[in-house]
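Read off the chains here:
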Number of protein chains: 2
Amino acid sequence: METLPGKTVERLSQYRRSLLSCLENGRDYIFSHDLANLHHITAVQVRRDLMLLGYSSVYRKGYPVRKLIEEIGKTLDSSEGQNAAVVGMGNLGTALAHYLSGIRPNLNVVASFDINPAKVGTLINGVPCHHVTALQKVIKEQNISIGIMTVPQDSAIEVADELGKTGIKGILNFTNISLNVPEGIYLEEYDMITSLEKVAYFVKKLGE
Amino acid sequence: METLPGKTVERLSQYRRSLLSCLENGRDYIFSHDLANLHHITAVQVRRDLMLLGYSSVYRKGYPVRKLIEEIGKTLDSSEGQNAAVVGMGNLGTALAHYLSGIRPNLNVVASFDINPAKVGTLINGVPCHHVTALQKVIKEQNISIGIMTVPQDSAIEVADELGKTGIKGILNFTNISLNVPEGIYLEEYDMITSLEKVAYFVKKLGE
DNA sequence: AATCAGGTGTGAATTTATTAACAAATATAG
DNA sequence: CTATATTTGTTAATAAATTCACACCTGATT
Ligand SMILES: NC(=O)c1ccc[n+]([C@@H]2O[C@H](COP(=O)([O-])OP(=O)(O)OC[C@H]3O[C@@H](n4cnc5c(N)ncnc54)[C@H](O)[C@@H]3O)[C@@H](O)[C@H]2O)c1
Ligand SMILES: NC(=O)c1ccc[n+]([C@@H]2O[C@H](COP(=O)([O-])OP(=O)(O)OC[C@H]3O[C@@H](n4cnc5c(N)ncnc54)[C@H](O)[C@@H]3O)[C@@H](O)[C@H]2O)c1
């Protein structure tokens, strides 16, 4: 299938999250406008996104939740499964390793890395922690394709370079500096300060 | 001034982050294309964003870093200062409280809330932790306009409702469920699973 | 002091994202 | 069975975001 726009991918991920919680609540069908309301968007937007999946619902009853989750999975998930590793098991890294573990059946956090001898060699929230010097080795051996960066900003560039050399395919960077990675690696960056400042800005504007 | 588009606000926040680190490195001037490279965007995008600030550089030497930081601050920051509170001092909340504290002179995390008696009444990473039952009181007293939500998802809706009643003006939601807030409150949501799944999707696509 | 090289600011064009509008489909009620 | 009320899928229209193209500015060079 064609590569979907990033925005659509984000929304599909969010739809799935909501759909999963619908299932838990025993809801079997959902209308596009209900899904839309859950995400503060329009029903047309939802339908358009689903259209890109090539999926059609049975009319009039809404979308069958279980089927739709499956359908989103076919598009978003890799059939062989994908492995991720967290680099930098500090406050954020530890929280993330815990949070992301087992969140999806075929997307797993299977390893982590740090330089702190107190952490290396231990299991943290169920994830084994290796020394960064083993980056190449572990990533190859465990077929890890995604790196999640939560190291201190001073080490960020250096660690990103090391990661780049391992043959990793994607990096999710939570470090507050913007990275440069070789061609062929997908880079996603997120800075919480930016989110906070954005809220602050619009709060300020609301009050004017 | 006109309200800027959210996208521009995000980039301005990121430019400032980079500019601050330029200053630390003793760099006094920066060209639009350098700033652009740091953020994987085009120089025109940078110039257009700065144009919206109404700011012009001295030609040919690039933008004066210090002046530009100041100028971005004039737009993004509130002159009276803004206070924020973290609700839910677990793994993520604690990490965030620490990370966000003192990051900007006039945007401070001044309080936090939890229900765990072991945490209530203590200082966590320098931030006093109150019981959620004191939400109304503390938010009013300390003039807190921004709430950062990091409670378990089961409590999210309930806590958001409580927050809504306090007269808070903005909510930054890290909970993995999408919230509904009353008119007049600015809501920003971020889900790390979405970011990870996005990376996973594009990694998968790269390999096809 | 005239020319050049390299940046900047911005209107116009383009691309991308969202919304409107509506035909087609089908459960339900009568 | 037919009419009605709803919801979907999709094309066309609109809006938002980004990039192009280029005039203009200024410090350096000859
Ligand atoms: N704490 C947060 O809530 C938060 C939020 C957003 C972004 N961040 C960013 O995440 C990063 C980490 O933040 P934190 O609060 O977890 O910091 P932290 O100091 O708690 O954790 C950093 C960890 O990285 C390890 N480390 C240091 N150098 C390393 C290296 N070269 N290779 C591997 N591991 C190394 C340290 O031993 C430590 O365990 C920072 O860049 C910060 O900007 C943090
Ligand atoms: N841990 C992560 O890295 C991470 C990442 C992204 C999103 N999240 C989201 O953040 C939230 C918290 O995650 P966590 O890992 O920090 O969980 P956690 O269990 O470590 O922390 C939750 C905290 O909230 C407190 N709490 C519970 N009910 C409360 C209430 N009604 N009012 C105030 N406080 C209450 C608990 O006592 C606890 O301290 C979850 O919704 C999760 O989806 C977590």
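Structure first, text after, so check above.
Participant: Can you help me understand the overall build of chain A in this one?
Facilitator: Along the backbone of chain A there are eight helices and nine strands. Dimensions of chain A, computed from the C-alpha atoms along their principal axes, are close to 60 × 50 × 35 Å. A total of 208 residues make up chain A; the buried ones form 52% of that total. Taking the contacts inside chain A whose residues are at least 6 apart along the sequence as the reference set, 56% of them involve residues at least 24 apart. For chain A, the exposed surface amounts to about 9800 Å²; the carbon and sulfur share of it is 52%. Of note, chain A has its 21 positive side-chain charges centred 9 Å away from the centre of its 22 negative side-chain charges.

Participant: Hey, could you run me through the side chain of A:Thr166 in this one?
Facilitator: Residues and elements named next belong to chain A. Tracing the backbone through its elements, the reader meets Thr166 in the loop between helix H7 (153-165) and strand E8 (170-173). Accessibility expressed as a relative area gives 3% for Thr166, which makes it buried. From its side chain, Thr166 meets the backbone oxygen of Leu163 in a polar contact 2.5 Å long. Not counting residues within four places of it along the chain, the set of residues in contact with Thr166 comprises Leu135, Gln136, Ile139 and Lys140.

Participant: When you look at the pairing of strand E3 (residues 82-87) of chain B in this model, what are you seeing that I'm missing?
Facilitator: Consecutive side chains along a regular strand alternate between the two faces of the sheet. All names here are of chain B. For E3, the buried fraction is high: six of the six residues fall into the buried class. Side chains of E3 alternate between two faces, with Gln82, Ala84 and Val86 and Asn83, Ala85 and Val87 buried alike. Relative to strand E4 (residues 107-114), E3 runs parallel, the two sharing six bridges. Counted as the bridge partner of Ala85 is Ala111 from E4.

Participant: Sorry, what's going on with the interface of chain B and chain A here?
Facilitator: Often, the extent of an interface is quoted as the loss of accessible area on bringing the components together. In this complex, chain B contributes 70 residues to the contact, which on the side of chain A involves 70 residues. In total, about 6000 Å² of surface goes out of reach between chain B and chain A, with carbon and sulfur atoms giving 65% of it. If you look at where chain B meets chain A, you find 10 salt bridges. Between B:Arg16 and A:Glu197 there is a salt bridge, with its nearest N and O atoms 3.0 Å apart. Linking chain B to chain A there are 33 residue pairs in polar contact (both at pLDDT 80 or more). Residue assignment for the side of chain B that touches chain A shows that the elements contributing at least two residues are helix H1 (6-24), helix H2 (32-38), helix H4 (65-76), helix H5 (91-100), strand E7 (144-149), strand E8 (170-173), strand E9 (186-189) and helix H8 (192-206) of chain B.

Participant: Can you help me understand the relation of the copies chain B and chain A in this one?
Facilitator: Both copies of the chain are tied together by a single rotation about an axis and a shift running along it. Each copy superposes on the other: chain B lies on chain A with an RMSD of 0.1 Å after a rotation of 180° and an axial shift of 0.0 Å. Viewed as a symmetry operation, the transformation between the two copies matches a two-fold axis. Taking C-alpha positions as reference, the residue of chain B nearest the rotation axis is B:Leu92, located at 3.4 Å. Interface residue correspondence from chain B to chain A reaches 100%, placing this contact among same-surface, isologous pairings.

Participant: What is the right way to look at the packing of aromatic side chains in this model?
Facilitator: Two measures describe an aromatic ring pair: the distance that separates the ring centres and the angle between the ring planes. Under the definition given, this model contains seven aromatic pairs over all chains. Summarising the aromatic geometry, the rings of A:Phe202 and B:Tyr186 are spaced 4.8 Å apart at their centres and angled 15° between planes, so their arrangement reads as stacked. With A:Phe202 in helix H8 (residues 192-206) and B:Tyr186 in strand E9, this residue pair bridges two chains. B:Tyr186 gets classed as buried once you look at its relative accessible area, which sits at 19%. An aromatic cluster is built from A:Phe174, A:Tyr190, B:Phe174 and B:Tyr190, whose rings are joined through pairwise contacts.

The rules behind these values
- Residues numbered from 1 in each chain as written.
- Chains lettered and ligands numbered in written order.
- Predicted model: local features only at pLDDT ≥ 70, side-chain atom pairs only at ≥ 80, totals over all residues.
- Heavy atoms only, no water.
- Helix = DSSP H or I, 4+ residues; strand = E, 2+ residues; numbered from the N terminus.
- Buried < 20%, exposed > 50% of the residue type's maximum accessible area, 1.4 Å probe, protein only.
- Contact = heavy atoms within 4.5 Å.
- Areas by Shrake-Rupley, 256 points an atom, 1.4 Å probe, with all protein chains shown as cover.
- Lys, Arg positive; Asp, Glu negative; His and termini not counted.
- Charge placed at Lys NZ, Arg CZ, Asp CG, Glu CD.
- Polar contact = N/O pair within 3.5 Å; in protein donor to acceptor, adjacent residues only side chain to side chain.
- Pairing = 2+ DSSP bridges.
- Buried area = accessible area lost by both parts, 1.4 Å probe.
- Salt bridge = Lys/Arg side-chain N within 4 Å of Asp/Glu carboxyl O.
- Least-squares fit on C-alpha atoms with pLDDT ≥ 70 in both.
- Phe/Tyr/Trp six-rings, centres within 6.5 Å; stacked < 30°, edge-to-face > 60°.

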